[in-house]
Amino acid sequence: MIRFDHIFILESSKEYVNIVCFYLNRKRLFSQLKTIKSFQSLLPENFIRISRFQIVNVSKIELIENNRIFFENGVEMTIKGRSGLRYVYRHLSEGTQKINIR
């Protein structure tokens, strides 16, 4: 069982969802035979869907630079599509979390 606070990214890949975690001081990748939509309803508010293929844990974001998101512990990703950045910025502007944006 994966705890929500260990999850950074969920990314769909055909019929699988890849879950990127940081657990026991290492980056880990788990795959589940589910849709990203089925995960979305199970996740708490700090997870936002930024595209058809990606969900991120905004509480783990440290820096946003161009179309890249840098998370705690060196985990990073590229945002697919311009609308993804808008979702992240909108969510962050509604909350109290402070993140460096370059």
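What you are looking at is a predicted structure, and each value in this text was computed from that prediction instead of being measured. (Residues numbered from 1 in each chain as written. Predicted model: local features only at pLDDT ≥ 70, side-chain atom pairs only at ≥ 80, totals over all residues. Heavy atoms only, no water.)

This brings us to the overall build of the protein. Counting secondary structure elements, the protein contains two helices and nine strands. Reading the protein from its N end, one meets helices and strands in the order β-β-β-α-β-β-β-β-β-α-β. Split into buried and exposed, the 102 residues of the protein put 36% on the buried side. Considering only intrachain contacts with a sequence separation of at least 6, the fraction spanning at least 24 residues in the protein is 43%. Total accessible area on the protein stands at roughly 6,700 Å², and carbon and sulfur atoms take up 49% of it. (Helix = DSSP H or I, 4+ residues; strand = E, 2+ residues; numbered from the N terminus. Buried < 20%, exposed > 50% of the residue type's maximum accessible area, 1.4 Å probe, protein only. Contact = heavy atoms within 4.5 Å. Areas by Shrake-Rupley, 256 points an atom, 1.4 Å probe, with all protein chains shown as cover.)

This part takes up the confidence of the model for the protein. Should the pLDDT be low somewhere, the predicted coordinates at that spot are not to be read in detail. Taken over all residues, the pLDDT of the protein has a mean of 83, while the share at 70 or more is 86%. Per-element confidence in the protein ranges from a low mean pLDDT of 58 for strand β9 (residues 100–101) to a high of 92 for strand β1 (residues 7–13). (pLDDT = per-residue confidence, 0-100.)

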